[in-house]
Amino acid sequence: MSEEFNTDGMLDMYLFENGQLLEQLQETVLEQKDAECFDEDSINEIFRTMHTIKGSSGIMMFDDITAVSHKLEDVFYYLRESHPENVPHLDLVEHVLAVEDFISNEMEKIRNGDPVDGDASAIIADLDKFLNEIKNGAAQEGEDPPPENVHEEPKQFYIAPVATSASRFYKIYITFYPETEMSNVHAYKTVYALKEIAEDLLYSPEDIISDEASAQTILEDGFRILLQAQCTEEEIRELIGIGYDIEKVDIYECKAEEFLQGFDFGEQEPMVIDLESSVEDIENKAEEKAAQETKDEEPKAPEKKKIAPGDFVIKSKEPGRPKKLAKDRAKAEKASFISVNVKKMDQLMDLIGELVISESVVLQNPDLKVPGLNLDRFNKAAAQLSKISTDLQDVIMSMRMVPLTNTFQKMNRIVFDVSRKLGKDIEFEMVGEHTEVDKNIIEHISDPLMHLVRNAVDHGIESNEERIDSGKAEKGKITLSAKTEAGKVWISVEDNGAGLDREKILAKARKQQLLDDSKADSSYTDKEVFQFITLPGFSTNEQVTEYSGRGVGMDVVVQNLQSIGGMLDIESTPGLGSIMSLKIPLTLAIVDGIVMETGNSSFVLETGVIKEFVRVKEEMMIYEPNGDEYIMIRGECYPVLRLGRWYGLEQYQESVEDGIMLILEVEEQRVCLFVDKLIGEQEIVVKPIPSYIKKVKGLSGCTQLGDGSIALILDAAGLME
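Residues numbered from 1 in each chain as written. Predicted model: local features only at pLDDT ≥ 70, side-chain atom pairs only at ≥ 80, totals over all residues. Heavy atoms only, no water.

## Quick notes on the overall build of the chain
Within the chain one finds 20 helices and 25 strands. Across the chain, the fraction of contacts at a sequence separation of at least 24, relative to all contacts at a separation of at least 6, is 71%. (Helix = DSSP H or I, 4+ residues; strand = E, 2+ residues; numbered from the N terminus. Contact = heavy atoms within 4.5 Å.)

## Re the sheet that holds strand β16 (residues 601-606)
The strands that make up a sheet are held in pairs by hydrogen bonds between backbone atoms, and each pair lies either parallel or antiparallel. The strand order across the open sheet formed by 5 strands is β23-β15-β16-β25-β24, and the pairing between neighbours is mixed. Each end of this open sheet is capped by a strand with a single partner; those strands are β23 (677-685) and β24 (699-704). Strand-to-strand twist of the sheet, defined as the mean angle between neighbouring strand axes without regard to direction, takes the value 35°. With 8 bridges connecting them, strand β15 (residues 590-598) and β23 associate as antiparallel partners. Directly across from Asp592, in β23, lies its bridge partner Glu683. Helix α11 (residues 342-363) contacts β15, β23 and β24 of the sheet and is inclined by roughly 150° relative to β23. (Pairing = 2+ DSSP bridges. Axes fitted to C-alpha atoms, helices over the stretch in contact; angles between N-to-C directions.)

## Some remarks on the packing of α11 against helix α12 (residues 376-400)
Remark: α11 packs on α12, axes separated minimally by 10 Å, with the N-to-C direction vectors making an angle of 160°. Classified by the interaxial angle, the pair formed by α11 and α12 is roughly antiparallel. Our pair here, α11 against α12, has a crossing hand that is left-handed. Contacts between α11 and α12 involve Met345, Asp346, Leu348, Met349, Ile352, Leu355, Val356, Glu359, Val362 and Leu363 from the first element and Phe378, Ala382, Leu385, Ser386, Ser389, Leu392, Gln393, Ile396, Met397, Met399 and Arg400 from the second. (Parallel < 35°, antiparallel > 145°, perpendicular 65-115°, else oblique. Left-handed = near helix turned anticlockwise from the far one by under 90°.)

## Overview of a nonpolar patch on the surface
Residues Leu348, Val395 and Met399 make up a contiguous nonpolar surface patch of about 250 Å² in total accessible area. Among the secondary structure elements, Val395 is positioned in helix α12. We classify Val395 as partly exposed; its relative accessible area is 46%. (Patch = residues over 30% accessible without salt bridge, like charges linked within 9 Å, V, L, I, M, F, W, Y side chains within 5 Å. Areas by Shrake-Rupley, 256 points an atom, 1.4 Å probe, with all protein chains shown as cover. Salt bridge = Lys/Arg side-chain N within 4 Å of Asp/Glu carboxyl O. Buried < 20%, exposed > 50% of the residue type's maximum accessible area, 1.4 Å probe, protein only.)

## Brief notes about the packing of aromatic side chains
Here the structure, examined in full by the defined rule, presents 7 aromatic pairs. Arranged with centres 6.0 Å apart and planes meeting at 10°, the rings of Phe603 and Tyr647 form a pair that is stacked. Within this pair, whereas Phe603 is found in strand β16, its partner Tyr647 is found in the loop between α19 (643-646) and β21 (660-666), the two being separated by 44 residues in sequence. Of the residues examined, Phe603 reaches a relative accessible area of 2% and is grouped as buried. The exposure class of Tyr647 is partly exposed, given its relative accessible area of 21%. Through pairs of rings, three or more aromatic residues link up here, namely Phe603, Trp646 and Tyr647. The ring of Phe47 has Arg80 sitting right over it, with the charged end atom 4.1 Å from the ring centre. The positively charged end of Arg642 is found above the aromatic ring belonging to Phe674, 5.4 Å away from the centroid. (Phe/Tyr/Trp six-rings, centres within 6.5 Å; stacked < 30°, edge-to-face > 60°. Lys NZ or Arg CZ within 6 Å of the ring centre and 35° of its normal.)

## Overview of α12
Along its 25 residues, α12 runs 36 Å from first to last C-alpha, staying within 8% of the 36 Å computed at 1.5 Å per residue. For α12, the secondary structure elements touched by its buried residues are α11, β8 (401-403), β10 (436-438), α14 (439-460), β15 and β23. (Expected span 1.5 Å × (residues − 1).)

## Section: helix α7 (residues 214-221)
Of the residues making up α7, those classed as buried are Ser214, Ala215 and Ile218. The buried residues of α7 all sit within an arc of 110° when viewed along its axis, so they share a single face. On its buried face, α7 is in contact with β1 (168-176), α6 (183-194) and β3 (223-229). In the segment just after α7, Gly222 is the residue with positive phi, at about 85°. (Arc of directions from axis to C-beta.)

## Re the pattern of salt bridges
Under the definition given, this model contains 28 salt bridges. The partner of Lys71 in a salt bridge is Asp74, with the nearest N and O atoms 3.7 Å apart. Separated by 3 residues within a single helix, Lys71 and Asp74 lie in helix α3 (residues 63-82), roughly one turn from each other. Both residues of the pair, Lys71 and Asp74, belong to the buried class.

## As for the side chain of Arg502
Position of Arg502 relative to the elements: it lies in helix α16 (residues 502-511). Taking the relative accessible area as the measure of exposure, Arg502 reaches 19% and is therefore buried. For Arg502, the side chain forms a polar contact with the side chain of Asp526, separated by 2.7 Å. When neighbours within four sequence positions are excluded, Arg502 is seen to be in contact with Asp521, Ser522, Tyr524, Thr525, Asp526 and Val529. (Polar contact = N/O pair within 3.5 Å; in protein donor to acceptor, adjacent residues only side chain to side chain.)

## Observations regarding the confidence of the model for the chain
Per-residue confidence for the chain gives a mean pLDDT of 78; residues scoring 70 or more make up 81%. Segment residues 152-160: pLDDT under 50, and 20 contacts once partners within four positions in sequence are set aside and those in other chains are kept. In the predicted structure, residues 267-273 sits below a pLDDT of 50 and forms 14 contacts with residues beyond four places in sequence or in another chain. (pLDDT = per-residue confidence, 0-100.)

In structure tokens form, the structure reads like this:
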């Protein structure tokens, strides 16, 4: 093999695959953290994960990651082989998570181009100590230790053949999925995995690293390996099992003479069985074929691959032709995936947004309103264009949608770490973690969600002793749930702790002069009181801890939510617990909106918050002395907000009979918005308001209309504040 080591593209593959493995590792560990011990499947899975990470890190020459992975592999090798009793489960969980943290941090340095300078010696020492403890415990019970899990770095991949009576010979044929990228790298990883058991190892094509063209050869012709080793077929399959890249692994055990023949695997042409001809015709054909083989110069045929049941499928009979039984297995449909840079996705989303705007400009062009134009064919083409642009939006939206599973698993880890440090026994439950949300939304809610979960562990759940004194179960519970509703996603953090103390919050608010002196404490609703904890610098914790008490958390939560058009809802019952709910949009990009005009200005309002359009009469209005206005509609009274007066516009309609009322509903709050007229419904591309413009209450962004003008996007929640 060439000494030149081409790592172009291998680093991305390394980071992607090991990132996936670490996520699965953390999920497996956290799922079983409350059990008495890991089950056998989990032990095997963790062992294989660390073995894979060790191998790929060795290839990439990340020595510390290789060393710490090998040490944790040693621990699970011992657990797998010896099945010791009385293993401290929570200590083992913490050791696994410590290794996962170390490798994740090192991989983050690699992504950022920073030096990979982490020191794994302390973690390895802790693992050594833990392994010795469980070994000593097993030794005291008289158990024989398994053989050591020895890892030797190979100097080269061709190992001089030293055959013994125990040696066995194998021919291995690996088929990769056609869509597998960098199949030569995957083939190299397979060779690297087999080298630990090999006495003799050859593979074809040979130059899988130095020659990038070998990737295409491997996809077309497969990857062939000759292996001499003292192992069984099952042990080989453990090392190179079928996965997302490998479609099929054929392993043939052969004799030493056949092994020395090299890579002649004895392929044969597909066997055809004639089901239509008569017996006499078939016999005549067989005699002719036998006579032809007798004349052949090379009568000895290569070794034939045994035909396994299920290798044959019946081909459909074509007109005028007999049926054929052919050795041609149809492949099952398989989903294929490709990793794409998020920036490219964002760029594609922006281009589709511009396409939507351009479509509106074309379809609403004033030139089309010239009298006498026959627009039948144009309208037909325009309808097709609209359908295609809508389908494009749906596809890009679905591509950007990501399940909340990984985000929820991070919260599971936070609950485990913080509860252990605080000495609290807490159960964590996830509901609806497969709910899908726009990737950009997930990036904005990760930090707020982390703060809410830490608050629930620190503030919400009482200590074990306090729970027992109050007659509660000793184990607390935090439930993280997600659901979608009317184009929004609800994410709730619920705990069964002490709940919020209304009087304590009011006292703190009074101390900070947040209360209205003319308003009695009893006149504040619970929701109004609970909203005080979201103000900057407000904290009811008297003692500053590692996790809370500085008053800089909840206001950041609210700010991050407001930046994406979301909001925080707080419910609490003293003694029973609290529910913190995030209400956020599913996506930030393209939404359905209603375009309206007031004065000479255009506005857009998201369709989901509009409950009804109403034409009203003057006698339905109620005017208060302080200037507030209300309207009675079907026996219900609604506050009225005149959009023109709210923003100080000119030339807007004063008479309610000349305009139209929109009944808006947000979080069970309702208001009637009075505008001059409605323009129509339109898909709007949300653009942020430029940073040089001061933030205006009630506005969440802007968009471009079909005539090229700019319309402001109204924030219904901001209008009701």
